Amino acid sequence: MTPGRLPPLNPLRAFEAAARHGSVTAAARELNVTHGAISHQIKALETMLDVQLFERGAQRLKLTSQGALLLPTVSKAFEDIAATTALIKRPTTSGELTVTCVPALLSLWLIPRMNQFTEQYPDIRLTLIASNDSDHLFSSDVDVCVLYGHGNWTDCWSRLWTTLKLFPVASPTLLNMRPLRSVRDLRNHVLLHGDDGREWNTWLAAADATEHARGAQHFMSDARLSTEAAVYGQGVALGDTITASTLIAKGELIVPFDLTVPANNAFYVACRNEVRNAPIVKVFIDWLFASLEADTITEPQTSARRIIRRRSGKVSAPERLVELPIPATRPRRPERSQKRRAKLDTR
């Protein structure tokens with residue numbers, strides 16, 4: 001065969017179908033040709049390549065070592081051609097789009113904004129899957145992945161969506177019952193983990209609190225569950241500037257300390273190279289970035305300041321206390337007591 005020359009399409013199709021089915025008859029039925037036509041195409045391919053692709057004489061077709069080497073490449077090529085052809089046929093703003101997304105981001109950021117996407121693209125039907133599994137990047141059943149990770153996935157397109165800052169969050173009900181006046185008070189609370197514990201360790205190290213005794217801890221499969229547990233008053237979780245912002249704005253979560261740390265990873269948008277320029281994929285990715293840009297992301301706000309004094313006696317970064325609402329049934333204190341309390345809270 002002349003160097004650089006590719007075999008004709010029909011012999012390759014005949015070979016791939018026969019190898020996949022293990023039968024010339026089944027291949028002929030799939031391709032709607034005669035048994036003889038399949039045999040002729042396979043022989044033509046063997047002659048062109050100057051190798052034998054099937055062992056002759058067995059009841060079921062069996063690949064030779066050369067045939068086994070060729071089959072995966074040919075099968076992948078046909079799959080890519082079929083997938084790309086299907087994408088070409090998709091209209092720009094209509095069709096089905098399957099998206100996998102980090103569970104916390106899907107529940108707390110994407111789903112609340114679905115109506116905005118639907119208003120712009122009413123003919124696109126979304127299938128949303130809660131997952132942070134990067135293996136979906138290589139599935140022909142998935143169009144776009146929004147992942148929390150390092151971003152160094154090979155053989156695909158990816159782009160940083162946003163970095164994150166982490167900080168403790170808790171429900172106002174929990175803090176009414178068990179205040180957090182200093183980092184040391186965390187030992188009286190359940191720590192809720194959305195990972196294996198590394199992110200809490202990062203925050204505690206920044207707060208110079210790694211040696212403080214810890215109380216109970218619960219570990220969960222993702223940050224969505226730890227955040228929901230915090231909303232229900234089950235403990236203190238680590239929120240982030242994207243997924244916890246709405247819950248904080250609604251008052252469902254409170255930020256007890258004025259200390260944030262960068263997350264270990266970041267959010268990325270990724271997809272297979274061959275689908276990146278498909279119109280329906282492009283409009284969704286563009287909408288993701290435009291929606292993030294339109295969001296007003298602010299630093300988590302707390303309402304009263306308290307200085308942390310480390311064991312060395314040096315003053316570190318400020319810590320904030322939550323000013324919790326006073327129940328209506330609580331008796332009004334004399335003016336002198338109120339002034340004294342205010343003085344204590346500001347030192």
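For the structure, see preceding data.
Residues numbered from 1 in each chain as written. Predicted model: local features only at pLDDT ≥ 70, side-chain atom pairs only at ≥ 80, totals over all residues. Heavy atoms only, no water.

Draft legend 1. Fine view of the overall build of the chain. Along its length, the chain carries 12 helices and 14 strands. Across the chain, contacts joining residues at least 24 apart in sequence account for 74% of those joining residues at least 6 apart. Carbon and sulfur atoms form 51% of the exposed surface of the chain, whose accessible area is close to 19,600 Å². (Helix = DSSP H or I, 4+ residues; strand = E, 2+ residues; numbered from the N terminus. Contact = heavy atoms within 4.5 Å. Areas by Shrake-Rupley, 256 points an atom, 1.4 Å probe, with all protein chains shown as cover.)

Draft legend 2. A look at the sheet that holds strand β5 (residues 144–149). If you walk across this open sheet you meet the five strands as β4-β3-β5-β12-β6, and the pairing is mixed. One side of each edge strand has no neighbouring strand; the edge strands of this open sheet are β4 (123–130) and β6 (157–162). Within this sheet the neighbouring strands show an average axis-to-axis angle of 25 degrees, counted without direction. Alignment of strand β3 (residues 94–101) against β4, held across eight bridges, turns out to be parallel. Its bridge partner being in β4, Cys 101 is matched across the sheet by Ala 130. Along the sheet face, helix α5 (residues 103–110) touches β3, β4, β5, β6 and β12 (266–271) and points at about 135 degrees away from the line of β4. (Pairing = 2+ DSSP bridges. Axes fitted to C-alpha atoms, helices over the stretch in contact; angles between N-to-C directions.)

Draft legend 3. Seen up close, the sheet that holds strand β10 (residues 236–240). The strand order across the open sheet formed by five strands is β9-β8-β10-β7-β11, and the pairing between neighbours is mixed. In the strand order of this sheet, the two ends are held by β9 (217–219) and β11 (261–262), each with one partner. Both strand β7 (residues 165–169) and β11 contribute to a ladder of two bridges, which runs antiparallel. Its bridge partner being in β11, Leu 166 is matched across the sheet by Val 261.

Draft legend 4. Summary view of helix α1 (residues 9–21). Counted at 1.5 Å a residue, the expected span for α1 with its 13 residues is 18 Å, and the 18 Å between its end C-alpha atoms agrees. Along α1, the residues classified as buried are Pro 11, Leu 12, Ala 14, Phe 15, Glu 16, Ala 17, Ala 18 and Ala 19. The positive-phi residue at the C-terminal boundary of α1 is Gly 22, with phi of around 70 degrees. (Expected span 1.5 Å × (residues − 1). Buried < 20%, exposed > 50% of the residue type's maximum accessible area, 1.4 Å probe, protein only.)

Draft legend 5. How the structure looks around the pattern of salt bridges. Going through the model one piece at a time under the given rule, you end up with eight salt bridges. Here Arg 224 and Asp 222 are joined by a salt bridge, their closest N and O atoms 3.8 Å apart. Overall, the relative accessible area of 22% leaves Arg 224 in the partly exposed class. What you see here is one network of salt bridges that share partners, running through Glu 16, Arg 20 and Glu 30. (Salt bridge = Lys/Arg side-chain N within 4 Å of Asp/Glu carboxyl O.)

Draft legend 6. Local environment of the environment of Ala 28. Mapped onto the fold, Ala 28 is located in helix α2 (residues 24–31). In this structure the C-alpha to C-alpha distance between Ala 28 and Ala 14, which are 14 residues apart in sequence, comes to 8.0 Å. In contact with Ala 28, other than residues within four places in its own chain, are Val 33, Thr 34, His 35 and Ile 38.

Draft legend 7. Geometry of unusual backbone geometry. Phi at Asn 32 is positive, roughly 60 degrees, even though this residue is not glycine. Relative to the helices and strands, Asn 32 resides in the loop between α2 and α3 (35–49). Exposure remark for Asn 32: the relative accessible area of 70% places this residue in the exposed category.

Draft legend 8. Examining the packing of aromatic side chains more closely. Summed over all chains, the structure comprises 12 aromatic pairs. Summarising the aromatic geometry, the rings of Trp 109 and Trp 287 are spaced 6.3 Å apart at their centres and angled 55 degrees between planes, so their arrangement reads as tilted. Here Trp 109, found in helix α5, pairs with Trp 287, found in helix α11 (residues 279–294); they are 178 residues apart in sequence, far enough to count as distant. Given the relative accessible area of 1%, Trp 109 is considered buried. By relative accessible area, Trp 287 is classed as buried at 5%. Aromatic side chains Phe 117 and Phe 284 sit 5.3 Å apart centroid to centroid with 80 degrees between the ring planes, which places their arrangement in the edge-to-face category. In this pair, Phe 117 is assigned in helix α6 (residues 114–120) and Phe 284 in helix α11, connecting sequence segments 167 residues apart. Relative accessible area serves as the criterion here: at 0%, Phe 284 is assigned to the buried category. Among the aromatic side chains, those forming a connected cluster through ring pairs are Trp 109, Phe 117, Tyr 121, Tyr 148, Trp 161, Phe 267, Phe 284 and Trp 287. In this structure, Arg 159 is placed above the aromatic ring of Phe 289, and the distance from its NZ or CZ to the ring centre is 3.8 Å. (Phe/Tyr/Trp six-rings, centres within 6.5 Å; stacked < 30°, edge-to-face > 60°. Lys NZ or Arg CZ within 6 Å of the ring centre and 35° of its normal.)

Draft legend 9. Geometry of helix α9 (residues 223–231). Taken residue by residue, α9 has Ser 226, Thr 227, Ala 229 and Ala 230 as its buried positions. Considered in projection along α9, the buried side chains sweep an arc of 160 degrees and stay on one side of the axis. Looking at the buried residues of α9, the elements they touch are α5, β7, β8 (191–193), β10 and α10 (245–250). Of the residues flanking the start of α9, the one acting as N-cap is Asp 222, its side-chain oxygen 3.0 Å from the backbone nitrogen of Arg 224. (Arc of directions from axis to C-beta. Polar contact = N/O pair within 3.5 Å; in protein donor to acceptor, adjacent residues only side chain to side chain.)

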